[in-house]
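Residue strings, one per chain:
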Amino acid sequence: MKRLLLLFVLCAGVRIAPLAAAAAAPLAETCYLFTYFYHDRQADGLRLAWSRDGFKWDLLNGGETCLRPTVGEGRLMRDPCVYRGPDGTFHAVWTTGWTGRTIGYAWSRDLIHWSEQRALPVMEHEARAQNCWAPELVWDPAQQHYLIHWSTTILGRFPETANSNRGPERNHRIYGTTTKDFVTFTPTRLIYDGGFNVIDANLAQNDGEWLMFVKNETLTPKTEKNIRLVRGPSSDGPWGAASPPITGAYWAEGPSALKVGDEWRVYFDQHRLDAIGLVVSRDLRTWTDVSDKVSFPPHARHGTVLAVPRAVMANLLANEAALRVPVLRTAWVNDGAPYPESHASTIVETAPGKLVAAWFGGTKERNPDVGIWVAHRVEEKWRPAVEVANGVQATGPRLPTWNPVLFQAPNGPLFLFYKVGPSPSAWWGMVKTSADGGTTWSEARRLPDGILGPVKNKPIVLADGAWLSGSSTEGNRDGWLVHFELSRDAGATWTKLGPVAKGPGFDAIQPSILVHQGGVLQAVGRTKQGVVFQTWSRDGGLKWSPLTATDLPNPNSGTDAVTLADGRHLLVYNHAGHRANEPKGDRFPLDVAISKDGVTWTRALTLEREPIVSGYAYPAVIQTSDGRVHVTYTFGRKAIKHVVLDPAAL
């Protein structure tokens, strides 16, 4: 009886979830899914929408990412195509970068749990291949294999159309490979050359013939940018002449064809109109534009529409929460910086939705030209950075700057703490303030002797309104030492607390402060002993317990942590220990750990794992007013990366 009741619930689409109202009515035998991406967030990944009739579409997972790209030259996910094979398995392929010779691939049984992603080197053999765009796949029942196809420009090929679209680097034809198991693939071959610049092929069967919907990519001498139909006896062709355009006087791309009853529907991207369009036909010759009858997610770009059985849709609706992925988006904070090295970032929310980041940048760490740079995120995009502080001295040589820390004072100005000096053992603390959210800054002020300010990670505001900073010193007779600095007058004066006892001989620096129930404080951070340290305070930070080890490794690299609004604690760190012959290790992978009590930590997410020189280092982490978690970190000493996380998915 319980099994019959469960079957009824699944078939009826009854569920408790954000889409309950939309899914309340019984689902039809066939439902529809739309896979898409956002052009301005092409590194974020796959998004899904669903429909009962193929006209009105509702978001799944609130429009957030369901699968984040991790492979390929650009680690992008453009033009995602999802295809359901004859055994019910979903196969996804996508564009991994604007340039390169790979496409992305992953598979899933339920569109919730995905296989490990792979970059398929489909054009690796072609030294002059410029790209691999808009891959798609289709099952050929006659030949019992999948055909994967995409568009590529190979310099020097098809000279008759070499300058038909922005130069010879954009002169495409359709190429493909076949596979039965996605392990072995046939050699890549030319699939379609219709005598014109062509991209975005979409194949479908129709009563003993094959249809290929393509985009005529010609821009000059006469602009085409439209969808055409090509027909052939098999998926191998031979392909006939292209039809006249089936779309109207607008730029169209990314066709996705679907037969519903006796009607062919071709969905497509009206990218200049920022909309998804639809043309329909019953004879494949006369087409009617019914774009005004469809309602797709705003700003959705080039994807595919596929029909799925009721059970698949019911499972997605019933388990919508499982679609959530931790990483919502990624971006480069200082793309195109005019200096070779960037390091030690910090990030702050100055007002709801307004983020400011800072870091030190210059020729190389310790060089006198290293200054403090600040960037603002406006409308979810990072604006060019400006240098706001440096080590120019009134007398004597210019000195390097180090480790900026941004802190938004409650009901007060934005603070920028940083260090100046020839080395960490000899630097001193400096501070600037901004009354306009980091646009303009006061003159720099040197902190009193013995006060460094927050040495790497953000201060916290205690329950009584006092500010508490984690700090540390290097080059002491007793090695590295952790201490804290307390201000009860909004940063006007500071009191040094500590140093903290080293416990079983820990050399430790750069503490982050966590807040537990009852005002108990915990600090965690970096050591030379291969572990993340911890120390505890039960009196508002005045006294701290001797340093001890957590259960997490540390390769002698910076960490940062934050107490979340739900009471959990989140730590960003390198999950690696020391190499065998030296007191430091690789700064990869970069991970996120979660703890409810600060004692037992769970490794919840890997942000970066690929080995690179200098690794991924010195993370900074905050939770913003909308509940999201923002992490910035050094990427190979070359750039600062920004990642937005959904803590509910951790």
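Residues numbered from 1 in each chain as written. Predicted model: local features only at pLDDT ≥ 70, side-chain atom pairs only at ≥ 80, totals over all residues. Heavy atoms only, no water.

Digging into the overall build of the chain
Looking only at helices and strands, one finds three helices and 44 strands in the chain. A compact globule built from 650 residues would reach a C-alpha radius of gyration of about 26 Å, and the chain, at 28 Å, matches this within 12%. Referenced to the eigenvectors of the C-alpha coordinate spread, the extents of the chain come out at roughly 85 × 70 × 50 Å. Across the 650 residues that make up the chain, the buried fraction comes to 59%. When contacts within the chain are restricted to residue pairs at least 6 apart in sequence, long-range pairs at least 24 apart make up 50% of them. Put simply, the chain shows about 26500 Å² of open surface, and 54% of that area lies on carbon and sulfur atoms. Computed over 68 positive and 63 negative side-chain charges, the separation of the two mean positions in the chain equals 3 Å. (Helix = DSSP H or I, 4+ residues; strand = E, 2+ residues; numbered from the N terminus. Rg over C-alpha atoms; globule rule 2.2 N^0.38 Å. Buried < 20%, exposed > 50% of the residue type's maximum accessible area, 1.4 Å probe, protein only. Contact = heavy atoms within 4.5 Å. Areas by Shrake-Rupley, 256 points an atom, 1.4 Å probe, with all protein chains shown as cover. Lys, Arg positive; Asp, Glu negative; His and termini not counted. Charge placed at Lys NZ, Arg CZ, Asp CG, Glu CD.)

Considerations on the state of the cysteines
In total, this model carries zero disulfides according to the counting rule given. No disulfide involves C132; its nearest neighbouring cysteine sulfur is the one of C81, lying 15 Å away. According to the relative accessible area criterion, C132 is buried, its value standing at 1%. (Disulfide = S-S within 2.5 Å.)

A few points about the side chain of H343
You can see H343 is positioned in strand β21 (residues 341–351). Side-chain polar atoms of H343 contact the side chain of R637, separated by 3.4 Å. In contact with H343, not counting residues within four places along its chain, are W359, F360, E365, R587, A617, Y618, T634, R637 and I640. (Polar contact = N/O pair within 3.5 Å; in protein donor to acceptor, adjacent residues only side chain to side chain.)

Side note on the packing of aromatic side chains
With the rule as written, the count across this model stands at 26 aromatic pairs. With a centroid separation of 5.0 Å and 50 degrees between ring planes, the pair formed by Y146 and F182 is classed as tilted. Taken together, the positions of Y146 in strand β9 (residues 145–153) and F182 in the loop between β10 (172–179) and β11 (189–192) put the pair 36 residues apart, joining distant regions of the chain. Each member of the pair, Y146 as well as F182, is classed as buried. (Phe/Tyr/Trp six-rings, centres within 6.5 Å; stacked < 30°, edge-to-face > 60°.)

A word on the pattern of salt bridges
Under the defined criterion, the tally for this structure stands at 35 salt bridges. R282 serves as the salt-bridge partner of D262, at 3.2 Å between the closest nitrogen and oxygen. Taken as a pair, D262 in the loop between β15 (253–260) and β16 (263–270) and R282 in the loop between β17 (275–281) and β18 (288–289) lie far apart in primary sequence, 20 residues in all. The exposure class assigned to D262 is partly exposed, which follows from its relative accessible area of 47%. Taking the shortest distance from any N to any O, the salt bridge between R301 and D269 comes out at 2.7 Å. Placement of R301 in strand β19 (residues 300–309) and of D269 in strand β16 is noted, with a sequence separation of 32 residues between them. The exposure class of R301 is buried, given its relative accessible area of 10%. D269 gets classed as buried once you look at its relative accessible area, which sits at 1%. Each of K215, E217, K225, E253, D269 and R301 takes part in a single network of salt bridges with overlapping partners. (Salt bridge = Lys/Arg side-chain N within 4 Å of Asp/Glu carboxyl O.)

Some remarks on unusual backbone geometry
With omega at 20 degrees, the peptide bond leading from G498 into P499 counts as cis. If you trace the backbone, P499 turns up in the loop between β33 (495–497) and β34 (508–515). Note that the residue after F588, namely P589, is joined by a cis bond; omega there is 0 degrees. With respect to the secondary-structure elements, P589 resides in the loop between β39 (569–574) and β40 (590–595).

Details of the nonpolar core
One finds L33, L60, V308, M313 and L316 to be the most contacted residues of the largest nonpolar core, which totals 27 residues. Those elements that place two or more of their residues in this core are β1 (30–38), β2 (47–51), β5 (90–95), β19 and α3 (310–318). With near-sequence residues (within four places) excluded, L316 lies in contact with L33, L60, D110, L111, I112 and L323. Counting 21 residues, the second largest nonpolar core, distinct from the first, contains V348, A358, V370 and V420. (Core = buried A, V, L, I, M, F, W, Y, C linked by side-chain atoms within 4.5 Å.)

Focus on the sheet that holds β17
Across a sheet, strands are paired by hydrogen bonds formed along the backbone, either parallel or antiparallel in direction. Read across the sheet, four strands follow the order β15-β16-β17-β18 without closing on themselves; strand pairing throughout is antiparallel. The strands lining the two open edges of the sheet, one partner per strand, are β15 and β18. Here two bridges tie β17 to β18, and the two strands are oriented antiparallel to one another. Residue pairing for β18: V279 is matched across the bridge by D289. (Pairing = 2+ DSSP bridges.)

Observations concerning the confidence of the model for the chain
Atom-level detail of predicted coordinates should not be read off regions where pLDDT is low. Averaged over all residues, the pLDDT of the chain is 95; the fraction at 70 or higher stands at 96%. Between residues 1–21, whose pLDDT stays under 50, and residues either more than four places distant or in other chains, the model counts 25 contacts. (pLDDT = per-residue confidence, 0-100.)

A few points about the sheet that holds strand β14 (residues 226–232)
Strand order across the open sheet formed by three strands is β12-β13-β14, with antiparallel pairing between neighbours. Looking at which strands have only one partner, the edges of the open sheet turn out to be β12 (198–206) and β14. Along the sheet, successive strands turn relative to each other by an average axial angle of 25 degrees, direction set aside. Note: strand β13 (residues 209–216) against β14, seven bridges, orientation antiparallel. Paired with K215 across the two strands is I227, which belongs to β14. (Axes fitted to C-alpha atoms, helices over the stretch in contact; angles between N-to-C directions.)

Thoughts on the environment of G585
Mapped onto the fold, G585 is located in the loop between β39 and β40. For the pair G585 and T632, spaced 47 residues apart in the sequence, the C-alpha separation amounts to 21 Å. Apart from the residues lying within four places of it in its own chain, the contact partners of G585 are P555, G577, H578 and R579.

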